[in-house]
Amino acid sequence: MTGGNLTRDEAAERARLLTAEHYAVELDLTRGDTTFGSKSTIAFACSEPGASSFVDLLAPSVRSVTLNGEALDPAEVFDGARVHLSGLRAENVVVIDAAAAYSRTGEGLHRFVDPVDGEVYLYTQFEPADSRRLFANFEQPDLKARFQFTVTAPARWRVWSNETLEELTQGTDDANTWRFNPTEPISTYITAIVAGDYHVVEDQHTVRLKDGSDLLIPVSAMVRKSLAPYFDAAAILDVTKAGLDFYHEIFDYPYPFGKYDSAFVPEYNLGAMENPGLVTFNERMVYRSKTTDASYQGRANTIMHEMAHMWFGDLVTMKWWDDLWLKESFADFMGAFALTRATRWQHAWVSFANGRKAWAYRQDQLPTTHPIVADIRDLEDARLNFDGITYAKGASVLKQLAAYVGEDAFLEGARRYFKAHAFGNTTLGDLLAVLEETSGRDMKAWSKAWLQTAGVNTLTAEVDTDANGVVTGARIRQSAVPEFPTLRPHRIAVGCYSSNPATGAVELTERIELDVDGELTDLPQLAGKSRPGLVLLNDQDLTYAKIRFTAAELDAFERGGIAALPDSMARALAWSGIWHMTRDAVMSGRRFIAIVLRNIEAETDISVVQNLLRQVHQVRGEYLDPANRPAADLAISTRLWEVLSAAPAGSDHQVAFGYGVVRGASQDSGFAKLRALLSGELTFPGLTVDQDLRWAIIETLAAAGRDDDGVLAEREAATDDTADGRRHLVAARAARPLAQAKAEAWRLVVATPDQPNDLIGAVLSEFYQVGGEKLAEPYVEPYFEALAAVWAERSIQNAERIVSGGYPWPLTSPDLLARTDAWLASDAAKAPALRRLVLEARDGAARALRAQECDRNA
Ligand SMILES: [Zn+2]
């Protein structure tokens, strides 16, 4: 990987020696479009005078290094990633003046030029260790300091940083200098700069504190100018204000960072980042086309997640990346929790159960899974740890913890934690200590079972009945895979659902709460009663475990039994259960598709509907026996056109099913209908075929070779000449079922360095299309041959997208597994993080093969 690594041991040694005190960082953004001036003046103490240490810096060149007034030769002390310092005194000042490089891959100071108007937009993204691409510093979370940024920028720009402005100086030469107030003590990875002629909406919010005083918080939201017509800043700021009120209520610690700016930025690698006072968001959360309420809920969830970090992560920070989960699990839990308490999305736990947790379960069944508390040896480990375990499993486990110790004890623990460790760094033990205090429970055993072991348990209800269907005995069986055999204590609810003989409606007849522990847990409450139609384990979704259904229950689902369930959480659990049974090859992909198509129309939760449509698409491409695909294609296409026609005009369901028919299109008739939708010959009242839907149609037609030799996409790009339009054009070209189109796409993203990550993602998601297996074959060898160089030469975000997205999954076959194994046994597979990505891709292919076999034999 390009850029220096840093090990945990090195960081611990540096933290033992040094105390960072104050940074003055001067940036000059007027020096052209490839590099900028970066001068860092660091005051720091050293506990062992005479010792040596180093400053981190990733920059093309260093002009000068001065330590305690003495000039050092940059050629001698700078190795491309570190500035080595020796003969340190008790108190030191080092000044490092460098030319740093703008990023095109979203790591460091990213520079974007808007094709619509030529405007330049800059923003930073640092986690875990890219602030050293902006300025020289001690890049580790436990060397907190105060940072004062001074930025010289073109006069027509505005500049933002974590803190409020101290002074704006009008310069000569059409440039201004913005000096910001020093920050509170914070870690390097959450420092931030945003600059450019952004469109900004400013407001303020007053929070009433517990002592009766008022705290005024200036708030703002910004986006690049060409997206301003689509920018619903008022809605964004409403959620922001609701969050500020809510967190002050439950955390009882005043917001510590003054102002709260939200910048929506282009070509962003992730969802958002919790820089104190200046949160950055992916601008895809500003919608150019009609989208469903699931998108708005998702965005609100992200706003709440980042805001929770202001306390958990920014105010109190993990000592090293081992405890990344401390902040991410908590923020992920809080994202959903805050939605249910402080916004109109009171059912947010349903989408959490069906969407967010699916991510956790998937990751936790990979061969590379790890305990929530991870062993992070160095920065490469850290970078790959922003995964489904750290976020979604961690949050699921905290939800179980809140059920275990009670919500009050859980929140009181958080309050004590903030007060005890404000502006400091912590480890897991610090959190467990306050929770033990507030709950009176032994947190060590809990932590051992849930945080320090990997893997997911499966819960199955075993119900014995007599000839009349009366229960004679019932129990819950807990199991685990041999690789991760831990069985855990679970606090769960069991829902018993049966249809009412009088009305035919399915009703909850009984809900039993109990603790499950060990392999078998008796369920005596059912004895002597008629067997319920459905015994739903983990009803209410309190714990983290997979559940199984009986053949009779699945038969009932296929007759509409999921749609008949009265409660959206119960349905979400049923949906998740059949998804896991399909992925685990204990139920056929055909049956999954049949159950979804039978029940989806009645599903009211739109985020669940959209998740199901994605899953159907995945099952169709990966988990069906190829011989069964044509029949499934026909069933999917027929049913989705039906439900689209029946969806209420202008509803979210209509939008979701609109995208559903596009994704699920097959057969001449299906493609002909898509063309008619595009041209306007076919219409559905209330459904606007707007820009995003048009691109989705064009990309599908391109993949099917029905796009008039590429003319459709070229013509669309001429009318939508935006950053989005250009990306869609390249994706549509990559989708075309032609050897030449594939060769060009490969050259663009694999053979050309420094492409924006969202372009790589868009191209690779179209590169391998269902049905395009033959075209993928020539890229199996180039893929494995390219891995070592991609890993050595690209930025991590770039490399990760190519390694995972470029894996030739549609060729899922024993041959592909054998080829992957040969690579894994080679010298090229030595880098642990690269190896991890390839192992995970291989596991997806192996799982698909098992599912296909199940589908073949079902
Ligand atoms: Zn986070």
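Predicted model only: the values in this text are computed from it and were never measured.

1. Looking at the coordination of the zinc ion
A metal bound by six donors in octahedral fashion has ideal angles of 90 or 180 degrees, whereas one bound by four tetrahedral donors has an ideal angle of 109.5 degrees.
Phase 1: Listed as protein donors to the zinc ion are His305 (NE2), His309 (NE2) and Glu328 (OE); their distances from the metal cover 2.0 to 2.1 Å.
Phase 2: The sequence pattern describing where the donors of the zinc ion fall on their chain is H-x3-H-x18-E. Placement of His309 in helix H4 (residues 293–311) and of Glu328 in helix H5 (residues 324–342) is noted, with a sequence separation of 19 residues between them. Just as His309 is buried, Glu328 falls in that class too.

2. A short note on the nonpolar core
Phase 1: Core analysis: the largest hydrophobic core is formed by 246 residues, its most contacted members being Leu29, Tyr247, Met334, Phe410 and Phe418.
Phase 2: No other element matches H5, which puts 11 residues into this core.
Phase 3: Inspection of this core shows a minimum of three residues originating in each of domain 1 (1–197) and domain 2 (317–450).
Phase 4: Among residues more than four places away in sequence, those in contact with Phe410 are Phe330, Phe333, Met334, Leu398, Leu401, Ala402, Val405 and Leu435.
Phase 5: Val750, Trp823, Leu834 and Ala841 belong to the second largest nonpolar core, which has 40 residues in total.

3. Describing the sheet that holds strand E24 (residues 490–499)
Adjacent strands of a sheet form backbone hydrogen bonds with each other and so pair up, either parallel or antiparallel.
Phase 1: The strand order across the open sheet built from three strands is E25-E24-E27, with neighbouring strands paired in antiparallel fashion. Whereas interior strands pair on both sides, the edge strands pair on one side only; in this sheet they are strand E25 (506–516) and strand E27 (534–539). Sheet twist, expressed as the mean angle between neighbouring strand axes with direction ignored, is 25°.
Phase 2: Bridging between E24 and E25 involves 10 bridges; their strand directions are antiparallel. What sits directly across from Tyr497, in E25, is Leu508.

4. Focus: the sheet that holds strand E13 (residues 175–180)
Phase 1: A sheet is described by the order of its strands in space; here eight strands give the open sequence E5-E4-E7-E2-E1-E10-E13-E12, paired in mixed fashion. The open sheet terminates on both sides in strands that have one partner only, identified here as strand E5 (70–72) and strand E12 (165–170). Sheet twist, expressed as the mean angle between neighbouring strand axes with direction ignored, is 15°.
Phase 2: The pairing of strand E4 (residues 61–67) with E5 spans three bridges and is classified as antiparallel. Across the sheet, Val65 pairs through a bridge with Leu72, a residue of E5.
Phase 3: Strand contacts of helix H1 (residues 8–17): strand E1 (18–28) and strand E2 (35–46), with the helix running at about 100° to E1, the strand carrying the most contacts.

5. Regarding the side chain of Lys144
Phase 1: With respect to the element layout, Lys144 can be found in the loop between strand E9 (120–125) and strand E10 (146–154).
Phase 2: Buried within the structure, Lys144 lacks any salt-bridge partner; Asp314 is the closest side chain of opposite charge, at an N-O distance of 7.7 Å.
Phase 3: In this structure the side chain of Lys144 is engaged in a polar contact, spanning 3.3 Å, whose partner is the backbone oxygen of Leu315.
Phase 4: Polar side-chain contacts of Lys144 include one of 2.9 Å to the backbone oxygen of Gly424.
Phase 5: The contact partners of Lys144, leaving out residues within four places of it in the chain, are Ala20, Pro185, Ile186, Ser187, Asp314, Leu315, Val316, Thr317, Phe423, Gly424 and Asn425.

6. Considerations on the domain arrangement of the protein chain
Phase 1: Under the domain assignment used here, the protein chain contains domain 1 (1–197) and domain 2 (317–450).
Phase 2: Here the C-alpha centre of domain 2 lies 31 Å away from the C-alpha centre of domain 1.
Phase 3: Counting residues at the interface gives 19 residues for domain 1 and 20 residues for domain 2.
Phase 4: Summing both partners gives a buried area of about 1800 Å² for domain 1 against domain 2, and 56% of it is carried by carbon and sulfur.

7. Here we look at helix H9 (residues 407–421)
Phase 1: Taking 1.5 Å of rise per residue, the 15 residues of H9 would be expected to cover 21 Å, and the 21 Å separating its terminal C-alpha atoms lies within 8% of that figure.
Phase 2: Along H9, the residues classified as buried are Ala409, Phe410, Leu411, Gly413, Ala414, Arg415, Tyr417, Phe418 and His421.

8. Digging into the environment of Ala136
Phase 1: Within the element layout of this structure, Ala136 appears in the loop between E9 and E10.
Phase 2: C-alpha separation for the pair Ala136 and Ile42, spaced 94 residues apart in sequence, amounts to 8.6 Å.
Phase 3: Beyond its immediate chain neighbours, meaning those up to four positions away, Ala136 contacts Tyr23, Ser40, Ile42, Val55, Asp56, Leu57 and Ile96.

9. With respect to unusual backbone geometry
Phase 1: The amide bond that connects Glu127 to the next residue, Pro128, takes the cis arrangement and shows omega of 0°.
Phase 2: Inspection of the secondary structure puts Pro128 in the loop between E9 and E10.
Phase 3: Although it is not a glycine, Asn538 sits at a positive phi angle of roughly 60°.
Phase 4: You can see Asn538 is positioned in strand E27.
Phase 5: A positive phi is found at Asp754, a non-glycine position, where the angle reads about 65°.

10. A few points about the packing of helix H10 (residues 428–439) against helix H11 (residues 443–450)
Any two packed helices are characterised by how steeply their axes cross, that is the angle between the axes, and by the distance between the axes.
Phase 1: Here H10 crosses H11 at 130°, and the two axes come no closer than 10 Å. Between H10 and H11, the crossing angle belongs to the class labelled oblique. Seen along the crossing, H10 lies across H11 with a hand that is right-handed. Taking contact as the criterion, the partners of Leu428, Leu432, Leu435, Glu436 and Ser439 in H10 are, on H11, Met443, Lys444 and Ser447.
Phase 2: Among the residues making up the contact of H10 with H11, the classes are represented as four nonpolar, two polar and two charged.

11. Here's the deal with the pairing of E24
Phase 1: With seven of 10 residues buried, E24 is to be regarded as a mostly interior element.
Phase 2: Pairing analysis gives five bridges linking E24 to E27, with the strands arranged antiparallel. Opposite Val494, over in E27, you have Leu537 as the bridge partner.

12. Description of the packing of aromatic side chains
Phase 1: Here the structure, examined in full by the defined rule, presents 49 aromatic pairs.
Phase 2: Seen from their ring centres, Trp321 and Phe386 are 6.5 Å apart, and the 55° between their planes marks the pair as tilted. With a gap of 65 residues between them, Trp321 in the loop between strand E20 (317–318) and H5 and Phe386 in the loop between helix H7 (379–384) and helix H8 (389–405) connect regions that are remote in the sequence.
Phase 3: Take Phe386: its relative accessible area is 24%, and that puts it in the partly exposed class.
Phase 4: Measuring from centroid to centroid gives 5.6 Å for Trp579 and Phe592, while their planes differ by 55°, and the two rings are tilted. Residue Trp579 is located in helix H13 (residues 568–583), and its partner Phe592 is located in helix H14 (residues 589–599); the two are separated by 13 residues in the primary sequence. Side by side, Trp579 and Phe592 carry an identical accessibility label, which is buried.
Phase 5: Positioned above the aromatic ring of Phe54, the side-chain terminus of Arg82 is 4.0 Å from the ring centre.
Phase 6: One Lys or Arg, Lys399, reaches over the ring of Trp349 and ends 4.7 Å from the middle of that ring.

Analysis parameters
Residues numbered from 1 in each chain as written. Predicted model: local features only at pLDDT ≥ 70, side-chain atom pairs only at ≥ 80, totals over all residues. Heavy atoms only, no water. Donors = N, O, S within 2.8 Å, 3.2 Å for Na, K, Ca; no water. Helix = DSSP H or I, 4+ residues; strand = E, 2+ residues; numbered from the N terminus. Buried < 20%, exposed > 50% of the residue type's maximum accessible area, 1.4 Å probe, protein only. Core = buried A, V, L, I, M, F, W, Y, C linked by side-chain atoms within 4.5 Å. Domains from an automatic or database assignment. Contact = heavy atoms within 4.5 Å. Pairing = 2+ DSSP bridges. Axes fitted to C-alpha atoms, helices over the stretch in contact; angles between N-to-C directions. Lys, Arg positive; Asp, Glu negative; His and termini not counted. Salt bridge = Lys/Arg side-chain N within 4 Å of Asp/Glu carboxyl O. Polar contact = N/O pair within 3.5 Å; in protein donor to acceptor, adjacent residues only side chain to side chain. Buried area = accessible area lost by both parts, 1.4 Å probe. Expected span 1.5 Å × (residues − 1). Parallel < 35°, antiparallel > 145°, perpendicular 65-115°, else oblique. Left-handed = near helix turned anticlockwise from the far one by under 90°. Nonpolar A, V, L, I, M, F, W, Y, C, P; charged D, E, K, R; others polar. Phe/Tyr/Trp six-rings, centres within 6.5 Å; stacked < 30°, edge-to-face > 60°. Lys NZ or Arg CZ within 6 Å of the ring centre and 35° of its normal.

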